[in-house]
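# Residue-level structural notes
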Amino acid sequence: MEVTALGRVLWEYLRIGAPLERREALVAFGCHDLRVAEWAVQLWLDGWASKLVLSGGLGYYTQQIWSEPEAHKFRRIALERGVDAAAILVEDQSTNSGENIALTRRLLESCGLRLGRAICIQKPYLERRVQLTLRKQWPSCDFLLSSPPIPYEEYAQPGIIGFDKLINELVGQIDRIEKYPDLGFTQKDNVPADVLAAKRQLVKLGFANHLLSRV
């Protein structure tokens with residue numbers, strides 16, 4: 001099976017693609033891909049929630065390319081697109097998904113807000129791992145995962161992510177879903193056999209840069 005097809009197997013497992021439902025808040029986790037911010041903003045403009053929570057400082061990758069926190073970039077996009085500034089909450093210290101969750105909860109609690117149902121926005125191939133992390137670390141809130149509706153074949157774009165890097169990222173996400181439960185980070189998931197086989201094949205082909213042991 002060719003690399004593109006193997007990558008699609010991983011993508012289709014990692015992206016959940018759940019139908020949208022109106023909820024109390026939109027919680028967008030920061031990243032270098034500003035299409036995530038644009039999608040979160042669109043969901044707010046379409047009325048899926050009244051609050052827009054933007055979480056992200058400088059992470060493993062963004063600290064190498066930006067000096068401004070992810071959440072600040074997301075907020076600027078939101079304001080430019082017409083989101084009411086009073087609807088936005090910003091958490092700008094987190095450096096990974098676990099901190100996104102812990103610091104966002106702390107921010108909301110300091111504002112007297114306790115979420116029961118929310119939409120979390122991330123990159124498509126992070127949906128499943130973030131969902132498993134939220135179920136482990138924020139079980140009191142029912143999160144629906146959403147991401148920019150960009151097809152797998154169109155996701156790699158110049159200036160955002162190259163195709164080889166995308167495949168390495170997909171392999172790395174499967175690796176984390178396998179290993180993070182034993183570290184106490186996420187809920188365990190039964191990864192389908194065809195997904196594990198595709199991951200092993202891609203590692204053999206050299207797509208191993210984002211494996212947990214390599215980071």
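So, a few notes on the structure that sits alongside this text. Remember, predicted model here, so these are calculated numbers, not experimental data.

This part takes up the layout of surface pockets. The volume enclosed by the largest pocket comes to roughly 840 Å³. Lining of the largest pocket is provided by 33 residues; of these, Y60, T95, N96, R129 and H210 occupy positions nearest its centre. Of all the secondary structure elements, the ones that give two or more residues to the lining of the largest pocket are α5 (97-110), α6 (127-137) and α8 (163-183). In terms of residue count, α8 provides more of the lining of the largest pocket than any other element does, six residues in total.

In this section: the pairing of strand β2 (residues 51-55). Of all five residues in β2, four are buried, a share of seventy percent or more. When strand β1 (residues 25-29) meets β2, the two strands line up parallel, connected through five bridges. Considered in β2, the bridge of F29 is made with S55. Following the backbone out of β1, through helix α2 (residues 35-45) and into the adjacent parallel β2, one traces a crossover that is right-handed. Summarising the sheet, β2 and strand β3 (residues 88-91) pair through four bridges and their orientation is parallel. For V53, the partnering residue across the bridge sits in β3 and is L89.

About the cut-offs
Residues numbered from 1 in each chain as written. Predicted model: local features only at pLDDT ≥ 70, side-chain atom pairs only at ≥ 80, totals over all residues. Heavy atoms only, no water. 1 Å grid on protein atoms, 1.4 Å probe; cavity = no way out; pocket = protein on both sides within 12 Å on 5 of 7 lines; lining within 4 Å. Points joined across faces, edges and corners; volume = space filled by probe spheres on them. Helix = DSSP H or I, 4+ residues; strand = E, 2+ residues; numbered from the N terminus. Buried < 20%, exposed > 50% of the residue type's maximum accessible area, 1.4 Å probe, protein only. Pairing = 2+ DSSP bridges. Right-handed = clockwise from strand over helix to strand, strands pointing away.

Nothing here speaks to function; it is all geometry.
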